[in-house]
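# Descriptive structure summary
Okay, here's what each chain looks like letter by letter:
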Amino acid sequence: MDRGPLTAAPPADAVRLGLISDTHGWLDPALAEHFAGVDLIVHAGDVGDPHVLAALEAMAPVLAVRGNIDGGPLAALPLSAVRTVRGVRVAALHIAGPPGRPNAEARALVAAEAPDLLVVGHSHVPGFSQVGSTLVVNPGAAGRHGFHARRTAYLLARGDGGDWQAWRIDLGPRGRAR
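In this report, the structure presented in the accompanying data block is examined. (Residues numbered from 1 in each chain as written. Predicted model: local features only at pLDDT ≥ 70, side-chain atom pairs only at ≥ 80, totals over all residues. Heavy atoms only, no water.)

On to the overall build of the chain, then. For the chain, the count of helices and strands is 3 helices and 10 strands. The order of α-helices and β-strands along the chain, N terminus first, is β-α-β-α-β-β-β-α-β-β-β-β-β. Taken over C-alpha atoms, the radius of gyration comes to 15 Å for the chain, in line with the 16 Å a tight globule of 178 residues would show. Taken along its principal axes, the extent of the C-alpha atoms in the chain is 40 × 35 × 25 Å. A total of 178 residues make up the chain; the buried ones form 49% of that total. For the chain, the proportion of contacts with a sequence separation of at least 24, taken over those separated by at least 6, is 51%. (Helix = DSSP H or I, 4+ residues; strand = E, 2+ residues; numbered from the N terminus. Rg over C-alpha atoms; globule rule 2.2 N^0.38 Å. Buried < 20%, exposed > 50% of the residue type's maximum accessible area, 1.4 Å probe, protein only. Contact = heavy atoms within 4.5 Å.)

Pasting the structure below:
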């Protein structure tokens, strides 16, 4: 499913989602171009600074959840959140367990809300898995701090009743902007 860099535009009628996690207080300015025209940006926690959310909200509507480093004003973010966008049910949760082995919170969220997509973070490792009919995506870490080698985010698209398409956004090595 991971198509790497965006090589072809998603279908015009597709729901387009920007996925990001673990910014740790810093937002790469390149994301404004990558997320242009998305229907929703999903931030799966460890935002790190309210300015990150403000910058994302200037690009598109945002669904964000609290991560384990999010204190102060970010402590008001929910631990999990769900929103329906153009018929696609999207959920977010920061800590969901390893790919393919969701923790109790992730299983309960999927059982209660039946999302089409669950966006998770915390591990800094991008990946895809499935829980029942729910696609689970960890977009990796987009921030400059952590143990990841590359900063990543994702663009997902889904045409009317179709399959998901995913494009990895490579933002460069951890520790510096591209």
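Inspection of the sheet shows strand β4 (residues 80-85) paired to strand β5 (residues 88-93) by 6 bridges, in the antiparallel sense. The residue of β5 that forms the bridge with A81 is A92. In this antiparallel pair of consecutive strands, β4 and β5, the connection spans 2 residues, and R86 shows a positive phi of 50°. (Pairing = 2+ DSSP bridges.)

Another point: the side chain of R16. Counting through the fold element by element, R16 comes out in strand β1 (residues 15-20). Buried charged residue R16 carries no salt bridge. Nearest counter-charge: D39, at 5.9 Å. Separated by 3.1 Å, the side chain of R16 and the backbone oxygen of A36 make a polar contact. With sequence-adjacent residues up to four places away left out, R16 is seen in contact with P10, A36, G37, V38, D39, L40, L155, L156 and A157. (Lys, Arg positive; Asp, Glu negative; His and termini not counted. Salt bridge = Lys/Arg side-chain N within 4 Å of Asp/Glu carboxyl O. Polar contact = N/O pair within 3.5 Å; in protein donor to acceptor, adjacent residues only side chain to side chain.)

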